[in-house]
Amino acid sequence: MNKTKVVAIVSGGLDSTSMVLKLEREGYEVIPLNFNYGSKHNNRERQSAREIFGDRLIEIDIDLSFLQKSSLINKDKEIASGGYTEENAKQTVVPFRNAIMASYTVAIAVEKGAKYVAIGNHAGDHYIYPDCRPEFIDAFRKTIEFGTEGEVSLLAPFVNIFKSDIVKQAEPEDADILAKTYSCYRGGEKHCGVCSTCQERKKAFKEAGIQDKTEYME
Ligand SMILES: [Zn+2]
């Protein structure tokens, strides 16, 4: 029997890579899809996504450089150090980003004959990113189903759990793959170790009790 196909949005980061490993364990055929929307870390993330997924990675470039309020995109705005305070997290918001990427993904899913699109957003994203919240996900699932006459639906397996719980779902043999993932918002070759996403990454490995083989600058 043919496996059910899922087009999964993969950043090259920890959450989306864990999601692909989980979906594959559950028996899905995963088509990984990576976006570069012009943020500072997209190029470095894509490098990780290529290392992890190889030739099967589909790459899409969308130019959101006109959105200059986000510190992820605006080259004159520095990415703050320190933890995920509301203040510095808000500066990173790219408005409607998940919805924009998910829309492209639905179109590709129809083209590839996939039953689902999958996104790896998690509960830690809720308070700052409205298009990561369960209400949005439920409504968007309906939108996708209406918009494809039921051909495609949406999976968001981590919508109600936190980052450390995502890493807890990994198996010991996943440690090497997870080490290839990239989280840093600064986009350098190595993880900076001090920005909000680097701190979250360290914490997630620690809380999950999985060895963190990441090389950090500090
Ligand atoms: Zn960092």
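In what follows, the structure referred to is the one given above.
Given the structure is predicted, the values throughout are model-derived calculations rather than measurements.

## A few points about the overall build of the protein chain
Per the secondary structure count, the protein chain includes eight helices and five strands. Taken from the N to the C terminus, the helices and strands of the protein chain come in the order β-α-β-α-β-α-α-β-α-β-α-α-α. Its C-alpha atoms give the protein chain a radius of gyration of 16 Å, near enough to 17 Å, the size a compact globule of 218 residues would have. In terms of overall dimensions, the protein chain has a C-alpha envelope of 50 × 40 × 30 Å along the principal axes. Per-residue burial for the protein chain yields a buried fraction of 39% across its 218 residues. Residue pairs at least 24 apart in sequence account for 70% of intrachain contacts in the protein chain once pairs closer than 6 positions are excluded.

## Overview of the sheet that holds strand S5 (residues 153-155)
With parallel pairing, five strands are arranged side by side in an open sheet as S3-S2-S1-S4-S5. Across the chains shown, the open sheet's two edge strands, defined by having one partner strand only, are strand S3 (58-61) and S5. For this sheet, the mean angle separating the axes of adjacent strands, direction not counted, is 30 degrees. Judged from the four bridges that link them, strand S2 (residues 29-36) and S3 form a sheet pairing that is parallel. Within S3, the residue paired with Asn 34 across the bridge is Glu 59.

## Details of unusual backbone geometry
Peptide bonds are trans in most cases, and residues, glycine excluded, mostly fall at negative phi. A positive phi angle, near 65 degrees, is found at Phe 96, a position not held by glycine. Following the sequence through the fold, Phe 96 ends up in the loop between helix H3 (86-90) and helix H4 (97-112).

Here is what the cut-offs are and how they apply
- Residues numbered from 1 in each chain as written.
- Predicted model: local features only at pLDDT ≥ 70, side-chain atom pairs only at ≥ 80, totals over all residues.
- Helix = DSSP H or I, 4+ residues; strand = E, 2+ residues; numbered from the N terminus.
- Rg over C-alpha atoms; globule rule 2.2 N^0.38 Å.
- Buried ≥ 20, exposed ≤ 12 C-beta atoms within 10 Å, placed from the backbone.
- Contact = placed C-beta atoms within 7 Å.
- Pairing = 2+ DSSP bridges.
- Axes fitted to C-alpha atoms, helices over the stretch in contact; angles between N-to-C directions.

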